[in-house]
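# Results of the structural survey
The primary structure of each chain is shown beneath.
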Amino acid sequence: MEFEVRTRARRQFVDITPQVIEKVQASGVRSGLCVVYVRHTTAGVTVNENADPTVASDILRRLEALAPDDAGYAHLEGNSPAHIMATLVGSSATIPVVDGRLALGRWQGVFLTEFDGPRTRKVSVTVVGT
Amino acid sequence: MEFEVRTRARRQFVDITPQVIEKVQASGVRSGLCVVYVRHTTAGVTVNENADPTVASDILRRLEALAPDDAGYAHLEGNSPAHIMATLVGSSATIPVVDGRLALGRWQGVFLTEFDGPRTRKVSVTVVGT
Amino acid sequence: MEFEVRTRARRQFVDITPQVIEKVQASGVRSGLCVVYVRHTTAGVTVNENADPTVASDILRRLEALAPDDAGYAHLEGNSPAHIMATLVGSSATIPVVDGRLALGRWQGVFLTEFDGPRTRKVSVTVVGT
């Protein structure tokens, strides 16, 4: 199952929790695993707090400090920081499915992490189990 | 399946390998995957060496250098470094199950990584396969 | 299923996409998940661009900046940077299997990330689904 996300900035955390929950419900799986995966090399997926938006912005600002724009990269497209952030954050998140529900913790949400936008991104959701 | 871990410090790597092995054995799965997941946004899960404890402490010290306490964060709770470390480390680890056993390498262990303790943390273990 | 990779340098990204694709095809799984896992604590697995090799080298150079050799580590074997990079990158990658194929994006490849070579590394591929 796949859905699209239109990002609005060069770098942005987009809360995709509602779309992921919908796909888990549509799968009919009661017990198993949900994997959220981006088919891109300059974006990622992470699970973190989605209550206070300053959490996501603090994470993003820190990733920008860890992979700054001016570090003398060899790749000529100018988006090496985005590739580095993608590897640091990861291209997928795996979350348990319990009693037919995405078993996120109380404060957890699932984010598409855009590092080289704005773009239309494809997010894949795979649910395995019984 | 779930178990609790009581952490003892603000930041700490807790070796949870024995508990994870026990859950894999209890599942009866012979071949598949084990996912260890924390339902928290200021803790993570990682696989790394559990023979010499200085490995875990070196990783933790480096994470503290990468997400320092005084980087001018917007989030007012003061635990932005913990959220950043959670995204860098990840909220889950996925490990193969082979012949009914957790197929860790010889030097590998599974760690709950506490970044904002001490607290009681919930760890979820999901085993899928046949 | 497992295969070996002989790395050729202290630090190196090795594109293992062909071997992973082969294991997915051998599994006969049409729909599900593929997990690529390294049973080592000084190497990792990541998904990123495998078209232009400067992407991998820029990521590797940045990881070396984030976990420098001379940061005063306690672990006496001298390979703490490699353990730190393993936790930052992760010891596994999870990729959907759709219509019997590894559902990588157009620019994505799977890399074994060697941080303490050269060595012979074991890579495990697990495919679950139907």
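Preceding this section is the structure that the text describes.
Residues numbered from 1 in each chain as written. Chains lettered and ligands numbered in written order. Predicted model: local features only at pLDDT ≥ 70, side-chain atom pairs only at ≥ 80, totals over all residues. Heavy atoms only, no water.

### Let's talk about the pairing of strand S7 (residues 108-114) of chain B
Consecutive residues of a regular strand have side chains that alternate between opposite faces of the sheet. Residue and element names in this part refer to chain B. How we decide: Each residue's exposure class comes from its accessible area (1.4 Å probe, protein chains only) as a fraction of the maximum for that residue type: buried when under 20%, exposed when over 50%, partly exposed otherwise. Under the scheme used here, helices are H or I runs from DSSP no shorter than 4 residues and strands are E runs no shorter than 2 residues, and both carry numbers assigned from the N terminus. Pairing between strands is defined by DSSP: at least two bridges between them are needed.
With 7 of 7 residues buried, S7 lies mostly within the body of the structure. Neither face of S7 is left uncovered, since the one carrying Gln-108, Val-110, Leu-112 and Glu-114 and the one carrying Gly-109, Phe-111 and Thr-113 both have all their residues buried. Pairing between strand S2 (residues 12-15) and S7: 4 bridges, direction antiparallel. Residue pairing for S7: Phe-13 is matched across the bridge by Thr-113.

### Here's the deal with the side chain of Gln-108 of chain B
The line we're drawing: For the purposes of these results, a polar contact is taken to be a pair of N or O atoms within 3.5 Å, where, inside protein, one atom must be able to donate a hydrogen and its partner to accept one; residues adjacent in sequence count only when each atom of the pair is a side-chain atom. Contacts between residues were defined by any pair of non-hydrogen atoms, one from each residue, lying within 4.5 Å.
Its location among the elements puts Gln-108 of chain B in strand S7. Note on Gln-108 of chain B: relative accessible area 4%, which makes it buried. A polar side-chain atom of Gln-108 of chain B sits 2.8 Å from a polar atom in the side chain of Tyr-37 of chain C. Sequence-distant contacts of Gln-108 of chain B, defined by excluding residues within four places in its chain, comprise Val-47, Asn-48 and Asn-50 of chain B together with Tyr-37, Val-38, Arg-39, His-40, Thr-41 and Ser-91 of chain C.

### Considering the layout of surface pockets
Heads up, the condition is: Lining residues are defined by having an atom within 4 Å of a point belonging to a cavity or pocket. Those points lie on a 1 Å grid over the protein atoms alone, cavities being sets where a 1.4 Å probe fits but cannot get out and pockets being open sets with protein on both sides within 12 Å along at least five of seven lines. Grid points are joined across faces, edges and corners, and a volume is the space filled by probe spheres set on the points. Residue polarity follows a fixed list, in which Ala, Val, Leu, Ile, Met, Phe, Trp, Tyr, Cys and Pro are nonpolar, Asp, Glu, Lys and Arg are charged, and the others, Gly among them, are polar.
Put simply, the largest pocket is a space of about 710 Å³. Forming the walls of the largest pocket are 36 residues, and the residues nearest its centre are Gly-32, Val-127, Val-128 and Gly-129 of chain A together with Val-128 of chain B. Secondary structure elements with two or more residues in the lining of the largest pocket: strand S5 (92-98) and strand S8 (120-129) of chain A, strand S8 (120-129) of chain B together with strand S5 (92-98) and strand S8 (120-129) of chain C. For the lining of the largest pocket, the per-class residue count stands at 17 nonpolar, 15 polar and 4 charged.

### A few points about the interface of chain B and chain A
Heads up, the rule is: Throughout, the accessible surface (probe 1.4 Å) given up by two parts as they are put together, summed over both, is called the buried area. Think of a salt bridge as a Lys or Arg side-chain nitrogen and an Asp or Glu carboxyl oxygen that are within 4 Å of each other.
Contact with chain B, which involves 26 residues of that partner, is made by 25 residues of chain A. Carbon and sulfur atoms make up 59% of the area that chain B and chain A hide from each other, which totals about 2,100 Å². Counting the contacts that link chain B with chain A gives 0 salt bridges. Seen at the junction of chain B and chain A, the total is 15 residue pairs in polar contact (both at pLDDT 80 or more). Elements with a minimum of two residues in the side of chain B that touches chain A: strand S3 (32-38), helix H2 (53-66), helix H3 (80-89), strand S5 (92-98) and S8 of chain B. When residues in the side of chain B that touches chain A are grouped by element, the largest group, 6 residues, is from H3 of chain B.

### Quick notes on the environment of Phe-3 of chain A
Residue and element names in this part refer to chain A. Summarising the element assignment, Phe-3 is placed in strand S1 (residues 2-6). For the pair Phe-3 and Ile-16, spaced 13 residues apart in the sequence, the C-alpha separation amounts to 9.9 Å. Contacts of Phe-3, omitting those with residues within four sequence positions, involve Ile-16, Gln-19, Val-20, Lys-23, Arg-121, Lys-122, Val-123 and Val-125.

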